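Chain residues, written in single-letter form:
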Amino acid sequence: MEPLSIYKALSNEMRCQIMRWLKNPEEFFDEKPYLQQGLNFRIGVCVGDIQAKSGLAQSVISSYLATMQKAGLLESERIGKWTYYRRNEKTIQQFSEYVQSKL
């Protein structure tokens, strides 16, 4: 875990919003299409769904997701031509402990 990378990743309001959405995806995204494909939100949320909810261009969202993944905040899984993102709770917990002990 690199705290500075995490701080930088979280310095953007939309990236923070994406983290909130992914914390409880069932509140913010329709799970029905996932269930119809034999998937659920444990696998993550599709980039296209995140992009649609944000209203930003897919290239911007992809860049944001890459930044958060590089910082260790997100994990991804590719299934077919789709990529699904979920929070990396282990890194989030480590960062929380770091902030509590160092700041």
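Structure first, text after, so check above.
Not measured: the values here are computed from a predicted model.

Criteria and cut-off values
Going along each chain's sequence as written, the residues are numbered from 1 onward. Restriction of local features to residues with pLDDT of at least 70 applies here, the model being predicted, together with a cutoff of 80 or more for giving and counting side-chain atom pairs; totals for whole chains, interfaces and linings are based on all residues. Values reported for side chains reflect all heavy atoms of the structure, with hydrogen atoms and water molecules removed beforehand. In this description a helix means any DSSP run of H or I spanning at least four residues, a strand means any run of E spanning at least two, and both kinds are numbered starting from the N terminus. Any two residues whose heavy atoms approach within 4.5 Å are treated as being in contact. Pairs of N or O atoms are called polar contacts if they sit within 3.5 Å, as long as, within protein, a hydrogen donor faces a hydrogen acceptor (for residues adjacent in sequence, only side-chain-to-side-chain pairs). Simply put, an axis is a line fit to the C-alpha atoms, just over the touching stretch for a helix, and the angle between two N-to-C directions goes from 0 to 180 degrees. Each angle receives one of four descriptions, namely roughly parallel if under 35 degrees, roughly antiparallel if over 145, roughly perpendicular if within 65 to 115, and oblique otherwise. Less than a right angle of anticlockwise turn of the near helix away from the far helix marks a crossing as left-handed, whereas a clockwise turn marks it as right-handed. Residue classes follow a fixed rule: Ala, Val, Leu, Ile, Met, Phe, Trp, Tyr, Cys and Pro count as nonpolar, while Asp, Glu, Lys and Arg count as charged, and any other residue, Gly among them, counts as polar. For each residue, the accessible area found with a 1.4 Å probe, counting protein chains only, is set against the maximum for its type, and the residue is called buried under 20%, exposed over 50%, and partly exposed in between. Any two strands between which DSSP finds at least two bridges are classified as paired.

### Some remarks on the environment of R86
Link 1 in the chain: Within the secondary structure, R86 sits in strand 3 (residues 82-87).
Link 2 in the chain: As a C-alpha pair, R86 and A57 span 29 residues in sequence and 20 Å in three-dimensional space.
Link 3 in the chain: In contact with R86, not counting residues within four places along its chain, are R42, I43, G44, L73, L74, E75, S76 and E77.
Link 4 in the chain: Here I43 takes part through its backbone oxygen, which lies 2.9 Å from a polar atom of the side chain of R86.

### Here's the deal with the packing of helix 5 (residues 47-54) against helix 6 (residues 58-70)
Link 1 in the chain: Axis separation between helix 5 and helix 6 bottoms out at 9 Å; the angle between their running directions is 115°. In terms of axis orientation, helix 5 runs roughly perpendicular to helix 6. When you trace helix 5 past helix 6, the crossing you get is right-handed. Along its contact with helix 5, which presents V47, I50, Q51 and S54, the element helix 6 presents Q58, I61, S62 and L65.
Link 2 in the chain: For the contact of helix 5 with helix 6, a count of residues per class yields four nonpolar, four polar and no charged.

### A closer look at the side chain of T91
Link 1 in the chain: When you line up the elements, T91 lands in helix 7 (residues 89-102).
Link 2 in the chain: In this structure T91 comes out as buried when scored by relative accessible area, which is 10%.
Link 3 in the chain: A polar contact is formed between the side chain of T91 and the backbone oxygen of G72, at a distance of 3.2 Å.
Link 4 in the chain: In this structure T91 touches M1, I6, A71, G72 and L73, once residues within four positions along its chain are discounted.

### Examining the sheet that holds strand 3
Link 1 in the chain: Here three strands make up an open sheet; going across it, the order is 1-3-2 and the pairing antiparallel. Each edge of the sheet is formed by a strand with only one pairing partner; in this case those strands are strand 1 (45-46) and strand 2 (74-79).
Link 2 in the chain: As judged from the two bridges shared by strand 1 and strand 3, these two strands associate in the antiparallel manner. Considered in strand 3, the bridge of C46 is made with Y84.
Link 3 in the chain: Sitting on the sheet, helix 2 (residues 13-23) touches strand 1, strand 2 and strand 3, and the angle it makes with strand 3 is about 90°.
Link 4 in the chain: Packing of helix 6 onto the sheet brings it into contact with strand 2 and strand 3, and relative to strand 2 it is tilted by some 120°.

That is the geometry; function is a separate question.
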